[in-house]
Amino acid sequence: MTSVTEEREIPRPRKSEFAVYEFLVRHENALLGGFTMIVALLLWEAVVRLDLVNPLFTSSPSRIIATGYAMFADGSIYPHLAISGLELVVGYGLAIIVGVPLGILMGWHRRFNAAFDPIISALYATPRIALLPLIMIWFGIGLGSKFAIIFLSAVFPILINTTAGVQTVERDYIKVARSFGANDRQMFLTVAFPAAVPFLLTGLRLGLGHALIGIVVGEMYSAQAGVGYLISVAGATFQTDRVMFGIILIAAAGVILTNILRMIERRFDRWRPDNKL
Amino acid sequence: MLQATPVKLKADSVKLNYYNDRTKRDLSVLDGIDFSVNEGELVSIVGPSGCGKSTFLAAVDGLIAIDGGRILIDEREVTKPGPDRGLVFQQDSLFPWRTVQRNVAYGLEIQKVLSKEEITARARKFVELVGLAGFEDSYPRELSGGMRQRVNIARALAVDPELLLLDEPFAALDAQTRELMQFELLRILDRAQKTGVFITHQIDEAIFLSNRVVVFSARPAKVKEIVEIDLPKERTLDLKHTPRFMEIFRHIWRLIEEESARMGLLRVH
(Lines give C-alpha, C1' and ligand atoms only; values in the text may rest on other atoms or scores of the structure.)
Protein backbone atom coordinates (compact mmCIF):
# COMPACT_ATOMS: atom_id res chain seq x y z
CA MET A 1 0.00 0.00 0.00
CA THR A 2 2.74 2.47 0.91
CA SER A 3 4.59 1.93 -2.32
CA VAL A 4 1.52 2.92 -4.25
CA THR A 5 1.20 6.23 -2.43
CA GLU A 6 4.90 6.86 -2.85
CA GLU A 7 4.78 6.27 -6.55
CA ARG A 8 1.83 8.49 -6.91
CA GLU A 9 3.65 11.39 -5.28
CA ILE A 10 6.69 11.46 -7.52
CA PRO A 11 6.16 13.31 -10.81
CA ARG A 12 2.64 14.67 -10.66
CA PRO A 13 2.56 18.39 -11.40
CA ARG A 14 0.12 20.36 -9.35
CA LYS A 15 -3.06 21.26 -11.15
CA SER A 16 -2.51 24.99 -10.75
CA GLU A 17 0.63 24.90 -12.89
CA PHE A 18 -1.42 23.88 -15.88
CA ALA A 19 -4.61 25.77 -15.11
CA VAL A 20 -3.77 28.88 -17.13
CA TYR A 21 -2.41 26.89 -20.05
CA GLU A 22 -5.40 24.58 -20.08
CA PHE A 23 -7.73 27.53 -20.04
CA LEU A 24 -5.93 29.04 -23.05
CA VAL A 25 -6.05 25.79 -25.00
CA ARG A 26 -9.66 25.06 -24.24
CA HIS A 27 -10.90 28.50 -25.24
CA GLU A 28 -8.43 29.08 -28.06
CA ASN A 29 -10.99 29.93 -30.74
CA ALA A 30 -13.02 32.27 -28.56
CA LEU A 31 -9.87 34.01 -27.34
CA LEU A 32 -8.48 34.49 -30.82
CA GLY A 33 -11.78 35.85 -32.09
CA GLY A 34 -12.21 38.14 -29.11
CA PHE A 35 -8.67 39.41 -29.44
CA THR A 36 -9.12 40.40 -33.08
CA MET A 37 -12.39 42.09 -32.26
CA ILE A 38 -10.86 44.14 -29.44
CA VAL A 39 -7.92 45.19 -31.59
CA ALA A 40 -10.27 46.33 -34.34
CA LEU A 41 -12.38 48.36 -31.90
CA LEU A 42 -9.29 49.94 -30.37
CA LEU A 43 -7.99 50.88 -33.81
CA TRP A 44 -11.36 52.43 -34.65
CA GLU A 45 -11.33 54.43 -31.42
CA ALA A 46 -7.71 55.47 -32.01
CA VAL A 47 -8.19 56.80 -35.56
CA VAL A 48 -11.10 58.95 -34.32
CA ARG A 49 -9.22 60.23 -31.26
CA LEU A 50 -6.17 61.06 -33.36
CA ASP A 51 -8.41 63.10 -35.67
CA LEU A 52 -7.52 60.91 -38.66
CA VAL A 53 -11.20 60.58 -39.61
CA ASN A 54 -14.29 62.66 -38.98
CA PRO A 55 -16.48 61.11 -36.24
CA LEU A 56 -19.53 62.61 -37.93
CA PHE A 57 -19.11 59.89 -40.57
CA THR A 58 -17.62 57.03 -38.60
CA SER A 59 -18.71 57.54 -35.01
CA SER A 60 -16.51 55.60 -32.56
CA PRO A 61 -16.94 52.80 -30.06
CA SER A 62 -16.96 55.14 -27.08
CA ARG A 63 -19.55 57.41 -28.71
CA ILE A 64 -21.78 54.47 -29.56
CA ILE A 65 -21.58 53.18 -26.00
CA ALA A 66 -22.36 56.64 -24.63
CA THR A 67 -25.34 57.04 -26.99
CA GLY A 68 -26.63 53.57 -26.15
CA TYR A 69 -26.27 54.20 -22.45
CA ALA A 70 -28.06 57.55 -22.72
CA MET A 71 -30.95 56.03 -24.69
CA PHE A 72 -31.42 53.30 -22.14
CA ALA A 73 -31.03 55.78 -19.26
CA ASP A 74 -33.67 58.23 -20.51
CA GLY A 75 -35.84 55.36 -21.68
CA SER A 76 -36.13 56.62 -25.27
CA ILE A 77 -35.00 53.28 -26.72
CA TYR A 78 -37.73 51.18 -25.12
CA PRO A 79 -40.62 52.15 -27.39
CA HIS A 80 -38.47 51.23 -30.41
CA LEU A 81 -37.49 47.90 -28.90
CA ALA A 82 -41.07 47.16 -27.92
CA ILE A 83 -42.41 47.89 -31.40
CA SER A 84 -39.74 45.90 -33.22
CA GLY A 85 -40.09 43.06 -30.70
CA LEU A 86 -43.84 42.94 -31.20
CA GLU A 87 -43.39 42.95 -34.98
CA LEU A 88 -40.94 40.07 -34.74
CA VAL A 89 -43.12 37.99 -32.42
CA VAL A 90 -46.26 38.42 -34.53
CA GLY A 91 -44.67 38.25 -37.99
CA TYR A 92 -42.30 35.37 -37.23
CA GLY A 93 -44.92 33.62 -35.12
CA LEU A 94 -47.40 33.71 -38.02
CA ALA A 95 -44.70 32.42 -40.35
CA ILE A 96 -44.20 29.39 -38.06
CA ILE A 97 -47.92 28.79 -37.60
CA VAL A 98 -48.49 28.83 -41.36
CA GLY A 99 -45.15 27.51 -42.63
CA VAL A 100 -44.78 24.34 -40.54
CA PRO A 101 -48.23 22.76 -41.11
CA LEU A 102 -48.31 23.78 -44.76
CA GLY A 103 -44.78 22.44 -45.26
CA ILE A 104 -45.73 19.14 -43.65
CA LEU A 105 -48.83 18.82 -45.83
CA MET A 106 -46.85 19.63 -48.95
CA GLY A 107 -44.19 17.12 -48.05
CA TRP A 108 -46.63 14.36 -47.18
CA HIS A 109 -49.28 14.71 -49.90
CA ARG A 110 -48.03 14.68 -53.46
CA ARG A 111 -51.16 16.35 -54.82
CA PHE A 112 -51.06 19.10 -52.24
CA ASN A 113 -47.49 19.78 -53.25
CA ALA A 114 -48.38 19.84 -56.93
CA ALA A 115 -51.15 22.34 -56.24
CA PHE A 116 -49.16 24.80 -54.15
CA ASP A 117 -45.61 24.46 -55.41
CA PRO A 118 -45.87 26.87 -58.40
CA ILE A 119 -47.29 29.73 -56.31
CA ILE A 120 -44.78 29.22 -53.55
CA SER A 121 -41.82 28.95 -55.89
CA ALA A 122 -42.87 32.14 -57.67
CA LEU A 123 -43.33 34.08 -54.43
CA TYR A 124 -40.08 32.71 -53.05
CA ALA A 125 -38.19 33.85 -56.14
CA THR A 126 -39.66 37.36 -55.89
CA PRO A 127 -37.57 39.71 -53.74
CA ARG A 128 -40.01 40.46 -50.93
CA ILE A 129 -38.83 44.08 -50.83
CA ALA A 130 -40.40 44.62 -54.24
CA LEU A 131 -43.75 43.88 -52.64
CA LEU A 132 -43.37 46.65 -50.04
CA PRO A 133 -45.28 49.34 -51.95
CA LEU A 134 -48.20 46.95 -52.36
CA ILE A 135 -48.04 45.87 -48.75
CA MET A 136 -48.14 49.51 -47.64
CA ILE A 137 -51.20 50.11 -49.79
CA TRP A 138 -52.92 47.06 -48.37
CA PHE A 139 -51.93 47.27 -44.71
CA GLY A 140 -51.04 50.94 -44.17
CA ILE A 141 -47.84 52.28 -42.66
CA GLY A 142 -48.64 50.93 -39.16
CA LEU A 143 -47.86 47.58 -37.60
CA GLY A 144 -49.95 45.64 -40.11
CA SER A 145 -47.57 46.19 -42.99
CA LYS A 146 -44.60 45.18 -40.78
CA PHE A 147 -46.30 41.97 -39.71
CA ALA A 148 -46.93 41.25 -43.37
CA ILE A 149 -43.41 41.87 -44.63
CA ILE A 150 -41.81 39.93 -41.77
CA PHE A 151 -44.23 37.07 -42.30
CA LEU A 152 -43.47 37.00 -46.02
CA SER A 153 -39.74 37.12 -45.36
CA ALA A 154 -39.71 34.29 -42.83
CA VAL A 155 -42.39 31.91 -44.07
CA PHE A 156 -40.63 30.55 -47.16
CA PRO A 157 -37.42 29.24 -45.61
CA ILE A 158 -39.55 27.56 -42.91
CA LEU A 159 -42.02 26.14 -45.42
CA ILE A 160 -39.46 24.90 -47.91
CA ASN A 161 -37.21 23.26 -45.33
CA THR A 162 -40.14 21.54 -43.63
CA THR A 163 -41.37 20.22 -46.97
CA ALA A 164 -37.92 18.91 -47.82
CA GLY A 165 -37.67 17.26 -44.41
CA VAL A 166 -40.92 15.37 -44.81
CA GLN A 167 -40.22 14.49 -48.45
CA THR A 168 -36.86 12.96 -47.76
CA VAL A 169 -38.15 10.52 -45.14
CA GLU A 170 -36.57 7.22 -45.97
CA ARG A 171 -38.97 4.78 -47.69
CA ASP A 172 -37.77 2.00 -45.43
CA TYR A 173 -39.00 3.82 -42.32
CA ILE A 174 -42.46 4.05 -43.82
CA LYS A 175 -42.33 0.37 -44.70
CA VAL A 176 -41.36 -0.54 -41.16
CA ALA A 177 -44.23 1.48 -39.75
CA ARG A 178 -46.66 -0.15 -42.18
CA SER A 179 -45.32 -3.58 -41.36
CA PHE A 180 -46.12 -2.95 -37.70
CA GLY A 181 -49.62 -1.90 -38.73
CA ALA A 182 -49.32 1.87 -38.12
CA ASN A 183 -52.33 3.91 -39.24
CA ASP A 184 -51.97 7.25 -41.03
CA ARG A 185 -51.93 9.27 -37.85
CA GLN A 186 -49.32 7.04 -36.21
CA MET A 187 -47.29 7.05 -39.42
CA PHE A 188 -47.23 10.82 -39.33
CA LEU A 189 -46.47 11.18 -35.62
CA THR A 190 -43.86 8.42 -35.37
CA VAL A 191 -42.15 8.69 -38.76
CA ALA A 192 -42.81 11.81 -40.85
CA PHE A 193 -42.66 14.36 -38.07
CA PRO A 194 -39.58 13.17 -36.15
CA ALA A 195 -37.69 12.68 -39.40
CA ALA A 196 -38.49 16.25 -40.42
CA VAL A 197 -37.61 17.94 -37.12
CA PRO A 198 -33.95 18.71 -37.87
CA PHE A 199 -34.91 20.22 -41.24
CA LEU A 200 -37.69 22.17 -39.59
CA LEU A 201 -35.30 23.66 -37.05
CA THR A 202 -32.89 24.66 -39.79
CA GLY A 203 -35.84 26.34 -41.51
CA LEU A 204 -36.70 28.21 -38.31
CA ARG A 205 -33.12 29.45 -38.01
CA LEU A 206 -32.94 30.63 -41.62
CA GLY A 207 -36.42 32.15 -41.32
CA LEU A 208 -35.32 34.14 -38.29
CA GLY A 209 -32.52 35.80 -40.24
CA HIS A 210 -34.98 36.74 -42.96
CA ALA A 211 -37.45 38.04 -40.36
CA LEU A 212 -34.83 40.42 -38.95
CA ILE A 213 -34.13 41.73 -42.44
CA GLY A 214 -37.89 42.19 -42.82
CA ILE A 215 -38.06 44.31 -39.67
CA VAL A 216 -35.33 46.67 -40.77
CA VAL A 217 -36.48 46.96 -44.37
CA GLY A 218 -40.13 47.44 -43.41
CA GLU A 219 -39.39 50.07 -40.80
CA MET A 220 -36.93 51.94 -42.97
CA TYR A 221 -39.45 52.10 -45.80
CA SER A 222 -42.06 53.80 -43.68
CA ALA A 223 -42.89 53.62 -39.99
CA GLN A 224 -43.41 55.68 -36.88
CA ALA A 225 -41.25 53.71 -34.47
CA GLY A 226 -38.97 50.70 -34.20
CA VAL A 227 -35.27 49.99 -34.37
CA GLY A 228 -35.24 50.12 -38.17
CA TYR A 229 -37.05 53.45 -38.03
CA LEU A 230 -34.47 54.67 -35.51
CA ILE A 231 -31.66 53.74 -37.87
CA SER A 232 -33.38 55.37 -40.82
CA VAL A 233 -34.17 58.68 -39.07
CA ALA A 234 -30.77 58.89 -37.39
CA GLY A 235 -29.11 58.28 -40.76
CA ALA A 236 -31.10 61.04 -42.43
CA THR A 237 -29.96 63.49 -39.72
CA PHE A 238 -26.31 62.44 -39.66
CA GLN A 239 -26.50 60.92 -36.17
CA THR A 240 -24.08 58.14 -36.94
CA ASP A 241 -23.78 57.12 -33.27
CA ARG A 242 -27.48 56.29 -33.23
CA VAL A 243 -27.28 54.48 -36.58
CA MET A 244 -24.47 52.31 -35.27
CA PHE A 245 -26.29 51.64 -32.02
CA GLY A 246 -29.41 50.56 -33.92
CA ILE A 247 -27.37 48.21 -36.10
CA ILE A 248 -25.78 46.70 -32.99
CA LEU A 249 -29.18 46.09 -31.44
CA ILE A 250 -30.41 44.23 -34.54
CA ALA A 251 -27.20 42.25 -34.81
CA ALA A 252 -27.32 41.33 -31.13
CA ALA A 253 -30.90 40.14 -31.43
CA GLY A 254 -29.90 38.04 -34.44
CA VAL A 255 -26.92 36.45 -32.71
CA ILE A 256 -28.79 35.68 -29.50
CA LEU A 257 -31.90 34.23 -31.13
CA THR A 258 -29.93 32.24 -33.71
CA ASN A 259 -27.79 30.76 -30.97
CA ILE A 260 -30.84 29.72 -28.99
CA LEU A 261 -32.17 27.89 -32.07
CA ARG A 262 -28.76 26.37 -32.69
CA MET A 263 -28.73 25.05 -29.14
CA ILE A 264 -32.07 23.40 -29.72
CA GLU A 265 -30.80 21.96 -33.02
CA ARG A 266 -27.76 20.54 -31.32
CA ARG A 267 -29.96 18.37 -29.14
CA PHE A 268 -30.79 16.41 -32.27
CA ASP A 269 -27.17 16.00 -33.34
CA ARG A 270 -26.85 12.83 -31.35
CA TRP A 271 -28.96 10.90 -33.79
CA ARG A 272 -28.68 13.05 -36.91
CA PRO A 273 -26.89 11.00 -39.57
CA ASP A 274 -24.99 14.04 -40.85
CA ASN A 275 -24.84 17.60 -39.62
CA LYS A 276 -24.82 19.39 -42.93
CA LEU A 277 -27.11 22.26 -43.93
CA MET B 1 -42.60 -37.58 -39.97
CA LEU B 2 -43.90 -39.52 -37.01
CA GLN B 3 -45.86 -36.69 -35.50
CA ALA B 4 -47.53 -34.11 -37.66
CA THR B 5 -46.21 -30.64 -36.88
CA PRO B 6 -48.74 -27.94 -37.66
CA VAL B 7 -48.14 -25.92 -40.82
CA LYS B 8 -47.39 -22.30 -39.93
CA LEU B 9 -47.03 -20.78 -43.37
CA LYS B 10 -48.45 -22.11 -46.59
CA ALA B 11 -47.86 -20.54 -49.98
CA ASP B 12 -50.43 -21.89 -52.39
CA SER B 13 -49.55 -21.13 -56.06
CA VAL B 14 -48.80 -17.50 -55.27
CA LYS B 15 -48.71 -15.25 -58.33
CA LEU B 16 -47.58 -11.65 -58.41
CA ASN B 17 -47.12 -9.18 -61.27
CA TYR B 18 -45.38 -5.84 -61.42
CA TYR B 19 -46.63 -3.18 -63.75
CA ASN B 20 -43.70 -1.93 -65.77
CA ASP B 21 -44.03 1.79 -66.52
CA ARG B 22 -41.66 1.68 -69.45
CA THR B 23 -43.07 -1.24 -71.40
CA LYS B 24 -46.65 -0.58 -70.22
CA ARG B 25 -47.03 -4.24 -69.51
CA ASP B 26 -47.39 -6.47 -66.50
CA LEU B 27 -44.22 -8.30 -65.63
CA SER B 28 -44.72 -11.62 -63.91
CA VAL B 29 -42.51 -11.79 -60.83
CA LEU B 30 -43.91 -14.77 -58.96
CA ASP B 31 -45.44 -17.50 -61.08
CA GLY B 32 -47.02 -19.97 -58.73
CA ILE B 33 -44.97 -20.34 -55.56
CA ASP B 34 -45.84 -23.48 -53.61
CA PHE B 35 -44.27 -24.51 -50.32
CA SER B 36 -44.99 -24.59 -46.64
CA VAL B 37 -43.15 -23.99 -43.40
CA ASN B 38 -43.92 -26.02 -40.30
CA GLU B 39 -44.08 -24.58 -36.83
CA GLY B 40 -40.64 -24.16 -35.28
CA GLU B 41 -38.82 -24.52 -38.58
CA LEU B 42 -36.39 -22.10 -40.14
CA VAL B 43 -36.68 -22.19 -43.92
CA SER B 44 -34.37 -20.22 -46.19
CA ILE B 45 -35.13 -18.99 -49.66
CA VAL B 46 -32.29 -18.67 -52.15
CA GLY B 47 -32.32 -17.94 -55.85
CA PRO B 48 -30.64 -15.89 -58.55
CA SER B 49 -30.46 -12.15 -58.02
CA GLY B 50 -33.65 -10.33 -58.85
CA CYS B 51 -35.79 -13.46 -58.85
CA GLY B 52 -38.41 -12.02 -56.52
CA LYS B 53 -37.38 -13.43 -53.11
CA SER B 54 -37.79 -10.12 -51.31
CA THR B 55 -41.05 -9.44 -53.13
CA PHE B 56 -42.35 -12.79 -51.94
CA LEU B 57 -41.42 -11.97 -48.35
CA ALA B 58 -43.07 -8.55 -48.56
CA ALA B 59 -46.20 -10.31 -49.81
CA VAL B 60 -46.10 -12.70 -46.85
CA ASP B 61 -45.82 -9.69 -44.57
CA GLY B 62 -48.84 -8.17 -46.30
CA LEU B 63 -47.03 -5.11 -47.65
CA ILE B 64 -47.71 -6.10 -51.27
CA ALA B 65 -50.95 -7.58 -52.55
CA ILE B 66 -50.67 -10.80 -54.57
CA ASP B 67 -52.44 -11.36 -57.89
CA GLY B 68 -53.23 -15.03 -57.56
CA GLY B 69 -53.08 -17.97 -55.20
CA ARG B 70 -53.13 -17.70 -51.43
CA ILE B 71 -50.76 -17.12 -48.57
CA LEU B 72 -51.98 -18.76 -45.40
CA ILE B 73 -50.69 -18.33 -41.88
CA ASP B 74 -52.26 -20.80 -39.48
CA GLU B 75 -54.81 -21.36 -42.24
CA ARG B 76 -55.82 -17.67 -42.23
CA GLU B 77 -55.33 -15.80 -45.47
CA VAL B 78 -52.92 -12.86 -45.47
CA THR B 79 -54.44 -9.58 -46.65
CA LYS B 80 -52.51 -6.92 -44.75
CA PRO B 81 -49.66 -6.60 -42.24
CA GLY B 82 -50.50 -8.08 -38.87
CA PRO B 83 -49.03 -8.72 -35.44
CA ASP B 84 -48.62 -12.43 -36.20
CA ARG B 85 -45.68 -11.58 -38.50
CA GLY B 86 -42.51 -9.65 -37.81
CA LEU B 87 -40.34 -8.44 -40.67
CA VAL B 88 -36.61 -7.92 -40.15
CA PHE B 89 -35.39 -5.52 -42.79
CA GLN B 90 -31.96 -5.06 -44.25
CA GLN B 91 -29.61 -2.68 -42.53
CA ASP B 92 -30.52 0.89 -41.59
CA SER B 93 -34.23 0.57 -41.19
CA LEU B 94 -33.91 1.43 -37.49
CA PHE B 95 -35.36 4.82 -36.65
CA PRO B 96 -32.29 7.00 -36.07
CA TRP B 97 -34.19 9.34 -33.73
CA ARG B 98 -35.12 6.54 -31.35
CA THR B 99 -32.83 4.92 -28.84
CA VAL B 100 -32.28 1.15 -28.88
CA GLN B 101 -34.90 0.72 -26.18
CA ARG B 102 -37.48 2.82 -28.01
CA ASN B 103 -36.76 1.22 -31.38
CA VAL B 104 -37.48 -2.17 -29.87
CA ALA B 105 -40.62 -0.76 -28.23
CA TYR B 106 -41.88 0.69 -31.53
CA GLY B 107 -44.21 -2.11 -32.60
CA LEU B 108 -45.69 -2.33 -29.12
CA GLU B 109 -46.30 1.42 -29.07
CA ILE B 110 -48.12 1.17 -32.41
CA GLN B 111 -50.26 -1.73 -31.23
CA LYS B 112 -51.27 0.08 -28.03
CA VAL B 113 -52.22 -3.17 -26.34
CA LEU B 114 -49.86 -2.96 -23.38
CA SER B 115 -49.46 -0.20 -20.82
CA LYS B 116 -46.45 2.08 -20.89
CA GLU B 117 -44.72 0.18 -18.08
CA GLU B 118 -45.38 -3.17 -19.71
CA ILE B 119 -43.97 -1.92 -23.01
CA THR B 120 -40.80 -0.69 -21.31
CA ALA B 121 -40.34 -3.96 -19.47
CA ARG B 122 -40.99 -6.06 -22.55
CA ALA B 123 -38.67 -4.02 -24.76
CA ARG B 124 -35.94 -4.28 -22.12
CA LYS B 125 -36.39 -8.04 -22.07
CA PHE B 126 -35.80 -8.30 -25.82
CA VAL B 127 -32.85 -5.91 -25.75
CA GLU B 128 -31.34 -8.33 -23.26
CA LEU B 129 -32.29 -11.37 -25.33
CA VAL B 130 -30.27 -10.10 -28.28
CA GLY B 131 -27.34 -9.36 -25.99
CA LEU B 132 -27.48 -5.58 -25.91
CA ALA B 133 -28.13 -4.97 -22.21
CA GLY B 134 -26.46 -1.69 -21.31
CA PHE B 135 -27.06 -0.14 -24.73
CA GLU B 136 -30.73 0.72 -24.13
CA ASP B 137 -30.12 4.45 -24.37
CA SER B 138 -27.73 4.42 -27.33
CA TYR B 139 -28.82 5.69 -30.73
CA PRO B 140 -28.45 3.48 -33.83
CA ARG B 141 -25.65 5.60 -35.27
CA GLU B 142 -23.63 4.91 -32.15
CA LEU B 143 -23.78 1.14 -32.75
CA SER B 144 -21.87 -1.20 -35.05
CA GLY B 145 -23.60 -2.89 -37.99
CA GLY B 146 -23.93 -6.18 -36.12
CA MET B 147 -25.43 -4.48 -33.08
CA ARG B 148 -27.89 -2.61 -35.25
CA GLN B 149 -29.11 -5.86 -36.76
CA ARG B 150 -29.56 -7.31 -33.28
CA VAL B 151 -31.81 -4.35 -32.48
CA ASN B 152 -33.62 -4.93 -35.75
CA ILE B 153 -34.31 -8.55 -34.79
CA ALA B 154 -35.34 -7.54 -31.27
CA ARG B 155 -37.76 -4.96 -32.70
CA ALA B 156 -39.46 -7.63 -34.81
CA LEU B 157 -39.54 -10.16 -31.96
CA ALA B 158 -40.88 -7.75 -29.34
CA VAL B 159 -44.40 -7.81 -30.77
CA ASP B 160 -44.30 -11.59 -30.31
CA PRO B 161 -44.96 -12.61 -33.92
CA GLU B 162 -45.55 -16.26 -34.67
CA LEU B 163 -43.60 -15.97 -37.88
CA LEU B 164 -40.35 -14.08 -38.25
CA LEU B 165 -39.54 -12.90 -41.77
CA LEU B 166 -35.88 -12.05 -42.34
CA ASP B 167 -34.99 -10.22 -45.55
CA GLU B 168 -31.22 -10.58 -45.99
CA PRO B 169 -30.65 -9.27 -42.48
CA PHE B 170 -26.90 -9.90 -42.55
CA ALA B 171 -26.17 -8.76 -46.10
CA ALA B 172 -24.43 -5.55 -45.04
CA LEU B 173 -22.25 -7.16 -42.36
CA ASP B 174 -18.63 -8.18 -42.72
CA ALA B 175 -17.89 -11.90 -42.99
CA GLN B 176 -16.84 -12.34 -39.35
CA THR B 177 -19.77 -10.49 -37.85
CA ARG B 178 -22.00 -12.38 -40.19
CA GLU B 179 -20.93 -15.78 -38.89
CA LEU B 180 -21.35 -14.60 -35.31
CA MET B 181 -24.81 -13.31 -36.11
CA GLN B 182 -25.78 -16.63 -37.67
CA PHE B 183 -25.09 -18.35 -34.35
CA GLU B 184 -26.88 -15.55 -32.55
CA LEU B 185 -29.94 -15.90 -34.73
CA LEU B 186 -30.15 -19.62 -34.07
CA ARG B 187 -29.80 -19.00 -30.34
CA ILE B 188 -32.41 -16.23 -30.32
CA LEU B 189 -34.92 -18.17 -32.42
CA ASP B 190 -34.42 -21.22 -30.24
CA ARG B 191 -35.02 -19.25 -27.05
CA ALA B 192 -37.95 -17.31 -28.45
CA GLN B 193 -39.46 -20.47 -30.00
CA LYS B 194 -40.22 -18.90 -33.36
CA THR B 195 -40.79 -20.05 -36.88
CA GLY B 196 -38.71 -18.21 -39.44
CA VAL B 197 -38.39 -17.54 -43.15
CA PHE B 198 -34.94 -16.34 -44.10
CA ILE B 199 -33.89 -14.79 -47.39
CA THR B 200 -30.24 -14.72 -48.34
CA HIS B 201 -27.79 -14.65 -51.21
CA GLN B 202 -25.31 -16.78 -49.31
CA ILE B 203 -25.87 -20.47 -49.91
CA ASP B 204 -23.74 -21.54 -46.94
CA GLU B 205 -25.72 -19.23 -44.68
CA ALA B 206 -28.96 -20.75 -45.92
CA ILE B 207 -27.76 -24.32 -45.32
CA PHE B 208 -26.25 -23.52 -41.95
CA LEU B 209 -29.37 -21.88 -40.56
CA SER B 210 -32.17 -23.90 -42.05
CA ASN B 211 -34.15 -27.06 -41.81
CA ARG B 212 -34.95 -26.71 -45.49
CA VAL B 213 -33.78 -24.50 -48.32
CA VAL B 214 -36.26 -23.42 -50.97
CA VAL B 215 -34.56 -22.66 -54.28
CA PHE B 216 -36.40 -20.15 -56.46
CA SER B 217 -36.04 -20.23 -60.23
CA ALA B 218 -35.15 -17.18 -62.29
CA ARG B 219 -37.93 -14.68 -62.85
CA PRO B 220 -40.86 -15.35 -63.13
CA ALA B 221 -40.07 -17.33 -60.00
CA LYS B 222 -41.29 -20.81 -59.28
CA VAL B 223 -40.02 -23.19 -56.66
CA LYS B 224 -37.24 -25.05 -58.47
CA GLU B 225 -36.46 -27.42 -55.66
CA ILE B 226 -36.87 -27.81 -51.93
CA VAL B 227 -33.68 -29.15 -50.38
CA GLU B 228 -33.96 -30.94 -47.05
CA ILE B 229 -30.95 -30.15 -44.88
CA ASP B 230 -30.19 -33.47 -43.18
CA LEU B 231 -27.38 -32.16 -40.99
CA PRO B 232 -27.11 -32.68 -37.24
CA LYS B 233 -29.37 -30.31 -35.33
CA GLU B 234 -26.45 -29.00 -33.29
CA ARG B 235 -24.86 -26.39 -35.56
CA THR B 236 -21.16 -25.73 -35.15
CA LEU B 237 -18.60 -23.92 -37.27
CA ASP B 238 -16.98 -27.26 -38.19
CA LEU B 239 -20.22 -28.30 -39.82
CA LYS B 240 -19.46 -25.98 -42.71
CA HIS B 241 -16.42 -28.08 -43.57
CA THR B 242 -18.06 -31.52 -43.48
CA PRO B 243 -18.40 -33.42 -46.77
CA ARG B 244 -22.17 -33.52 -46.44
CA PHE B 245 -22.37 -29.73 -46.07
CA MET B 246 -20.17 -29.31 -49.14
CA GLU B 247 -22.30 -31.73 -51.07
CA ILE B 248 -25.50 -29.84 -50.31
CA PHE B 249 -23.71 -26.58 -51.10
CA ARG B 250 -22.62 -27.80 -54.53
CA HIS B 251 -26.07 -29.13 -55.26
CA ILE B 252 -27.79 -25.81 -54.47
CA TRP B 253 -25.07 -23.86 -56.28
CA ARG B 254 -25.66 -25.91 -59.43
CA LEU B 255 -29.40 -25.20 -59.26
CA ILE B 256 -28.82 -21.47 -58.97
CA GLU B 257 -26.19 -21.52 -61.67
CA GLU B 258 -28.63 -23.16 -64.06
CA GLU B 259 -31.20 -20.49 -63.32
CA SER B 260 -28.74 -17.64 -63.63
CA ALA B 261 -27.64 -19.00 -66.99
CA ARG B 262 -31.23 -19.23 -68.10
CA MET B 263 -31.70 -15.59 -67.13
CA GLY B 264 -28.56 -14.67 -69.05
CA LEU B 265 -29.94 -16.41 -72.14
CA LEU B 266 -33.20 -14.59 -71.77
CA ARG B 267 -31.36 -11.31 -71.71
CA VAL B 268 -29.49 -12.07 -74.97
CA HIS B 269 -32.77 -12.97 -76.61
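Residues numbered from 1 in each chain as written. Chains lettered and ligands numbered in written order. Predicted model: local features only at pLDDT ≥ 70, side-chain atom pairs only at ≥ 80, totals over all residues. Heavy atoms only, no water.

**Quick word on the domain arrangement of chain B**
Residue and element names in this part refer to chain B.
So, step 1. When its domains are assigned, chain B resolves into domain 1 (7–84 + 162–268) and domain 2 (95–160).
So, step 2. A C-alpha centroid distance of 26 Å is found between domain 1 and domain 2.
So, step 3. Listed as interface residues are 16 residues of domain 1 and, on the opposing side, 13 residues of domain 2.
So, step 4. Overall, the association of domain 1 and domain 2 removes approximately 1,200 Å² of surface from exposure, summing both partners, and the carbon and sulfur fraction of that is 70%.
So, step 5. On the domain 1 side of the contact with domain 2, Leu 164, Met 181 and Ile 188 bury the most area, a combined 35% of that side's loss. (Domains from an automatic or database assignment. Contact = heavy atoms within 4.5 Å. Buried area = accessible area lost by both parts, 1.4 Å probe.)

**Quick look at the nonpolar core**
One recurring pattern in soluble globular proteins: nonpolar side chains tend to sit buried together.
All names here are of chain B.
So, step 1. Of all hydrophobic cores here, the largest spans 96 residues; its most connected members are Phe 216 and Ile 252.
So, step 2. Of the residues forming this core, the biggest block, seven residues, is contributed by helix α4 (residues 145–158).
So, step 3. In contact with Ile 252, other than residues within four places in its own chain, are Val 46, Ile 203, Ile 207, Val 213, Val 215 and Val 227. (Core = buried A, V, L, I, M, F, W, Y, C linked by side-chain atoms within 4.5 Å. Buried < 20%, exposed > 50% of the residue type's maximum accessible area, 1.4 Å probe, protein only. Helix = DSSP H or I, 4+ residues; strand = E, 2+ residues; numbered from the N terminus.)

**A short note on helix α2 (residues 100–111) of chain B**
Each α-helix winds once per 3.6 residues, and so residues spaced three or four apart point in a common direction.
All names here are of chain B.
So, step 1. Within α2, nine of the 12 residues are buried, leaving the element largely enclosed by the surrounding structure.
So, step 2. The complete set of buried residues in α2 reads Val 100, Gln 101, Asn 103, Val 104, Ala 105, Tyr 106, Gly 107, Leu 108 and Ile 110.
So, step 3. Looking one or two places after α2, you find Lys 112, whose phi comes out positive at around 55 degrees.

**Focus: the packing of helix α7 (residues 110–125) of chain A against helix α9 (residues 143–167) of chain A**
All names here are of chain A.
So, step 1. The geometry of α7 relative to α9 is characterised by a closest axis approach of 11 Å and an angle of 145 degrees between their N-to-C directions. In the crossing of α7 with α9, the sense of the turn from one axis to the other is left-handed. Side by side, α7 and α9 meet where Asn 113, Ile 120, Leu 123 and Tyr 124 of the first sit next to Phe 156, Leu 159, Ile 160, Thr 163 and Gln 167 of the second.
So, step 2. Looking at side-chain class alone, the contact of α7 with α9 contains six nonpolar, three polar and no charged residues. (Axes fitted to C-alpha atoms, helices over the stretch in contact; angles between N-to-C directions. Left-handed = near helix turned anticlockwise from the far one by under 90°. Nonpolar A, V, L, I, M, F, W, Y, C, P; charged D, E, K, R; others polar.)

**Section: the pairing of strand β1 (residues 7–20) of chain B**
Residues and elements named next belong to chain B.
So, step 1. Sheet topology places β1 next to strand β2 (residues 25–38); 11 bridges connect them, and they run antiparallel. Along β2, the bridge assignment pairs Leu 16 with Leu 30.
So, step 2. Direction of pairing for β1 relative to strand β4 (residues 68–73): antiparallel, over a ladder of five bridges. Each residue of the ladder has a partner; that of Leu 9, found in β4, is Ile 73. (Pairing = 2+ DSSP bridges.)

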